[in-house]
Amino acid sequence: MKKTKHLLIGAIALMAIACFRSSGVAQNPQSTVQLTTQPTVDKLLPFQAAAATPQSPALLKLQALNTSGKPLKDARIHLSILTPPQNPWFPTDFPIVEGTKLLDIETIASDGKLQIQQILPIRGKYQLLVNVTPVVANEFTPIQQKLSVSVAENSVKWRNFAILAVILLLVGLAGGWVIGGKQKIQPGEIAPSQVRLLLSGLTVIAIAALLFVNISAELAESQTHEHHHSHEDSPLQEKPTIINAGIKLELSGDSHATVGQLANYQIQATDTKTGKPASNLAFKIETTQLEDNWVAFAYNGKTDAKGNFAWGQQFFDGAPHRVEVEFSPKINEDNKSSPLRLTKAIEVEGIAPPLSLRLISLAYFTGIIAIGLVIGLRLPHPQTK
């Protein structure tokens with residue numbers, strides 16, 4: 001009897017432990033990375049090319065926390081931002097950017113924090129791949145975490161699409177109503193004059209739409225070549241190297257970039273007196289699109305023990321850009337020096353969306369007209385005596 005009682009108590013205890021584990025109450029807390037955005041996630045919008053004022057990049061803040069919920073110290077943070085995956089049936093404004101890497105950056109954060117400003121070019125779900133490792137070996141357990149940020153489409157675009165869809169539907173509706181009416185066929189005619197006129201109009205519209213699709217693609221490519229030639233004829237002011245107060249600063253990397261591909265850049269700081277790397281120098285990176293003067297990416301950081309900092313970024317807009325790195329050296333309290341700026345001009349090659357995507361959009365609009373046409377054919381007509 002006692003043996004049976006002990007077995008029953010043991011079974012109940014095992015069941016209780018299993019329940020606690022399944023509910024997560026008894027699980028040990030783990031190190032994690034928290035993400036906050038400004039504006040908040042529900043207010044994030046994709047890039048608007050036709051905005052009245054230059055759009056500000058979104059502020060993304062990553063904070064690495066230990067098992068106690070406190071910031072990790074002396075952490076190396078590697079962040080990769082992946083754009084939403086491709087969706088050929090519902091393409092975005094920048095279909096070439098879909099399913100690519102937008103940013104790749106690695107830095108040493110003494111307080112476990114990484115903060116960047118980044119324009120999010122398209123709607124959809126972005127993936128943030130974060131890898132946090134200790135600067136000092138075995139200081140804490142490395143963290144590998146996948147975060148996500150969802151960006152909703154701008155409501156103005158949905159409104160414009162709805163207006164266009166209603167117009168196309170009404171066009172089809174009117175055409176179907178005309179065709180469906182009882183009309184007399186004159187001798188020698190295969191169809192009433194109104195029907196022939198309507199079909200001729202639809203044919204002209206279809207030809208014009210196909211011409212628009214092909215001409216817009218050619219114009220996109222010609223604009224890319226114009227940007228390239230204009231940049232060669234009047235090059236932007238560059239200053240990739242500066243020597244000041246015994247410190248040599250260099251900005252190197254790709255001078256030509258392509259939409260949809262990552263371009264790589266590096267900052268190198270060297271002490272000219274000793275020839276050794278100049279570490280722990282504060283700097284600010286800012287990438288600006290020059291045609292409309294909006295900031296695509298910004299970051300504040302410091303050079304590492306080797307005096308350098310490297311990052312990769314994508315230019316989603318096929319226009320000239322400028323990468324600027326600003327240092328604020330402090331020689332001494334009495335002698336204040338002005339900020340030092342390294343600049344590099346970037347020529348960006350735009351890529352026209354595939355013809356298949358344009359044809360899919362054309363098929364949607366044609367389908368809306370066809371729906372209106374079918375409805376119009378079924379509408380009743382007034383009885384004529």
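Along every chain, residues carry numbers that run from 1 in the direction the sequence is written. Local features in a predicted model are, by the rule used here, given only for residues with pLDDT of at least 70; side-chain atom pairs are given and counted only at 80 or more, and totals for whole chains, interfaces and linings are based on all residues. For the side-chain quantities, the full set of heavy atoms in the structure was used; hydrogens and water were omitted.

Looking at the sheet that holds strand 14 (residues 308–314)
Here is step 1 of the chain: The strand order across the open sheet built from 8 strands is 7-6-3-4-14-11-9-8, with neighbouring strands paired in antiparallel fashion. Only two strands of the sheet have a single partner each, and these edge strands are strand 7 (143–151) and strand 8 (241–244). Across the sheet, the mean angle separating the axes of adjacent strands is 15° when strand polarity is ignored.
Here is step 2 of the chain: Alignment of strand 3 (residues 75–82) against strand 4 (residues 101–109), held across 8 bridges, turns out to be antiparallel. Strand pairing is assigned whenever DSSP identifies at least 2 bridges connecting the two strands. For helices the rule is a DSSP run of H or I covering at least 4 residues; for strands it is a run of E covering at least 2, with both sets numbered from the N terminus onward. Helix axes are fitted only over the stretch in contact, all axes being lines through C-alpha atoms; the angle between N-to-C directions runs from 0 to 180 degrees.

Some remarks on the side chain of Lys344
Here is step 1 of the chain: Considering the arrangement of structural elements, one finds Lys344 in strand 16 (residues 340–349).
Here is step 2 of the chain: N or O atoms closer than or at 3.5 Å make up a polar contact, with two conditions inside protein: a donor-capable atom paired with an acceptor-capable one, and, for residues adjacent in sequence, both atoms drawn from side chains. A distance of 3.2 Å separates polar atoms of two side chains, one belonging to Lys344 and the other to Ser255.
Here is step 3 of the chain: Excluding its chain neighbours within four sequence positions, the residues that come into contact with Lys344 are Glu238, Leu251, Ser252, Gly253, Asp254, Ser255, Tyr265, His321, Arg322 and Val323. Residues count as neighbours in contact if any of their non-hydrogen atoms are within 4.5 Å of one another.

Remarks on the sheet that holds strand 12 (residues 282–289)
Here is step 1 of the chain: As summarised here, the arrangement of the 8 strands in space is 1-2-5-13-12-15-16-10, forming an open sheet in which the pairing is mixed. The open sheet has two free edges, formed respectively by strand 1 (32–38) and strand 10 (256–258), since each of these has just one partner strand. Across the sheet, the axes of successive neighbouring strands diverge by a mean angle of 20°, strand direction being ignored.
Here is step 2 of the chain: Pairing of strand 1 with strand 2 (residues 58–65), which is carried by 7 bridges, proceeds in the antiparallel orientation. Bridge assignment links Gln34 to a residue of strand 2, and that residue is Gln63.

As for the side chain of Gln314
Here is step 1 of the chain: Tracing the backbone through its elements, the reader meets Gln314 in strand 14.
Here is step 2 of the chain: With relative accessibility at 4%, the residue Gln314 sits in the buried group.
Here is step 3 of the chain: Engagement of the side chain of Gln314 in a polar contact is seen with the backbone oxygen of Lys101, the distance being 2.9 Å.
Here is step 4 of the chain: When residues no more than four places from it in sequence are discounted, the contact partners of Gln314 are Val97, Thr100, Lys101, Leu102, Val259, Gly260, Gln261 and Leu262. Three labels apply to residues, based on accessible area from a 1.4 Å probe with only protein chains included: buried if under 20% of the type maximum, exposed if over 50%, partly exposed otherwise in between.

Details of the pairing of strand 16
Here is step 1 of the chain: Among the 10 residues in strand 16, 8 count as buried, and that is most of the element.
Here is step 2 of the chain: Summarising the sheet, strand 15 (residues 321–327) and strand 16 pair through 7 bridges and their orientation is antiparallel. Of the residues in strand 16, the one forming a bridge with Val323 is Lys344.

Describing the packing of aromatic side chains
For any pair of aromatic rings, the description rests on two quantities: the centre-to-centre distance and the angle between the ring planes.
Here is step 1 of the chain: Two rings from Phe, Tyr or Trp (for Trp, the six-membered ring) form a pair when their centres are within 6.5 Å of each other. A pair whose planes differ by under 30 degrees is stacked, one over 60 is edge-to-face, and the rest are tilted. Within this structure, the stated rule accounts for 13 aromatic pairs.
Here is step 2 of the chain: An angle of 65° between the planes, with centres 5.3 Å apart, marks the rings of Phe47 and Phe316 as edge-to-face. Separated by 269 residues along the polypeptide, Phe47 in the loop between strand 1 and strand 2 and Phe316 in the loop between strand 14 and strand 15 bring together distant segments of the chain.
Here is step 3 of the chain: An aromatic cluster is defined as three or more aromatic residues linked by ring pairs; in this entry it consists of Tyr265, Phe283, Tyr299, Phe309, Trp311, Phe315 and Phe327.

Observations concerning the confidence of the model for the chain
Predicted coordinates in areas of low pLDDT are best not read in detail.
Here is step 1 of the chain: As a per-residue measure, pLDDT reflects the predictor's confidence and takes values from 0 up to 100. Per-residue pLDDT for the chain has a mean of 80; in total, 73% of the residues score no lower than 70.
Here is step 2 of the chain: Low pLDDT, under 50, characterises residues 16–28; the stretch is placed with 3 contacts to residues that sit more than four places away or in other chains.

Some details on the environment of Lys284
Here is step 1 of the chain: Secondary-structure assignment places Lys284 in strand 12.
Here is step 2 of the chain: Measuring from C-alpha to C-alpha, the distance between Lys284 and Val325 comes to 5.5 Å, with 41 residues separating the pair along the chain.

A short note on the pattern of salt bridges
A side chain with one charge can pair with a side chain of the opposite charge if their charged atoms come near.
Here is step 1 of the chain: The term salt bridge refers to a pairing of a side-chain nitrogen on Lys or Arg with a carboxyl oxygen on Asp or Glu at a separation within 4 Å. Applying the stated criterion across every chain yields a total of 8 salt bridges.
Here is step 2 of the chain: Between Glu286 and Lys284 there is a salt bridge, and its shortest N-O distance comes to 3.7 Å.
Here is step 3 of the chain: A relative accessible area of 24% places Glu286 in the partly exposed class.
Here is step 4 of the chain: For Glu326, the salt bridge goes to Arg341, with nearest N and O atoms at 3.0 Å. One end of the pair, Glu326, is in strand 15; the other, Arg341, is in strand 16, and 15 residues separate them in sequence.
Here is step 5 of the chain: Accessibility expressed as a relative area gives 22% for Glu326, which makes it partly exposed.
Here is step 6 of the chain: Arg341 sits in the partly exposed class, given a relative accessible area of 39%.
Here is step 7 of the chain: Overlapping salt bridges bring together Asp93, Arg123, Glu153 and Lys157 as one network.

A closer look at a nonpolar patch on the surface
Here is step 1 of the chain: Every patch collects residues that have over 30% relative accessible area and no salt bridge, joining them within 9 Å if they carry like charges and within 5 Å if they are nonpolar side chains (Val, Leu, Ile, Met, Phe, Trp, Tyr). For every accessible area listed, the method is Shrake-Rupley and the probe measures 1.4 Å; residues are considered covered only by the protein chains on display. A cluster of nonpolar side chains, contributed by Leu169, Trp177, Ile371, Ile375 and Leu379, occupies part of the molecular surface with about 410 Å² of accessible area.
Here is step 2 of the chain: Elements with a minimum of two residues in the nonpolar patch: helix 2 (155–180) and helix 4 (355–378).
Here is step 3 of the chain: Assignment of secondary structure puts Trp177 in helix 2.
Here is step 4 of the chain: Taking relative accessible area as the criterion, Trp177 reaches 37% and is therefore assigned partly exposed.

Here's the deal with the nonpolar core
Here is step 1 of the chain: One finds Ile105, Ile116, Val132 and Trp311 to be the most contacted residues of the largest nonpolar core, which totals 60 residues.
Here is step 2 of the chain: Those residues in contact with Trp311 that sit more than four places away from it in its chain are Asp104, Ile105, Leu251, Ala263, Asn264, Tyr265, Gln266, Ile267, Ile285, Phe297, Val323 and Val325. By convention a nonpolar core is built from buried Ala, Val, Leu, Ile, Met, Phe, Trp, Tyr and Cys residues, the set being connected through side-chain atoms within 4.5 Å.

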